[in-house]
Amino acid sequence: MRESGVKDMANIKSAKKRISVIETKTAANRRVKNHLKDVLKEFDKAVAEKDFAVAEEKLALAEKKLMQGVAKGILHKNAASRKVSRLTVKLNKAKAE
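The model shown is predicted, which means the values in this text are computed figures rather than measured ones.

Quick rundown of the environment of Leu40? Include the residues and the values.
With respect to the helices and strands, the residue Leu40 is situated in helix H1 (residues 13-48). Distance from Leu40 to Lys83, taken between C-alpha atoms, is 9.9 Å for residues 43 residues apart in sequence. Not counting the four nearest positions on each side in its chain, Leu40 is found in contact with Ala62 and Leu87.

Here's what the structure looks like:
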């Protein structure tokens, strides 16, 4: 039985195992991505409130979490680098205003 309540269609033992392993990995990936989204929201909130000290802390944390996601294979390294770059540009534009 899957998390959604649907019965597995697999009959072969190895296929059943793959289904359970995939569910476990999906749950772990979902937790990491949700945590990353929370950090990015906190960064955006700090920038919107013009609290640049907190925004810089959140940027460093976001960069760390993005790179951890890369290391775990959840994100592509170029995608993570692009996000870090865009966050940095956003912070610098907000500081310039």
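Give me the lowdown on the nonpolar core, citing residues and values where you can.
Nonpolar side chains in soluble globular proteins tend to end up buried together. Grouped together as the largest cluster of nonpolar side chains are 15 residues, with contacts concentrated most on Phe43, Val47, Ala55, Leu87 and Leu91. Put simply, the parts of the chain that give this core at least two residues each are H1, helix H2 (52-71) and helix H3 (77-96). With six residues, H1 is the single largest residue contributor to this core. Aside from chain neighbours lying at most four places away, what touches Leu87 is Leu40, Phe43, Leu59 and Ala62.

The rules behind the values
Throughout this description, residue numbers start from 1 for each chain and increase along the sequence as written. Residue-level local features of this predicted model are given only where pLDDT is at least 70; pairs of side-chain atoms are given and counted only at 80 or more, and the full residue set underlies all totals for whole chains, interfaces and linings. Think of the side-chain values as coming from all heavy atoms in the structure, minus any hydrogens and water. For the purposes of this entry, the term helix denotes a DSSP run of H or I that reaches at least four residues, the term strand denotes a run of E that reaches at least two, and both are numbered from the N terminus. Here, residues are in contact when the closest pair of their heavy atoms is within 4.5 Å. What makes a nonpolar core is a set of buried Ala, Val, Leu, Ile, Met, Phe, Trp, Tyr and Cys residues whose side-chain atoms join them at distances within 4.5 Å. Think of it in three bands: residues with accessible area under 20% of the maximum for their type are buried, residues over 50% are exposed, and the middle band is partly exposed, with areas taken using a 1.4 Å probe on protein chains only.

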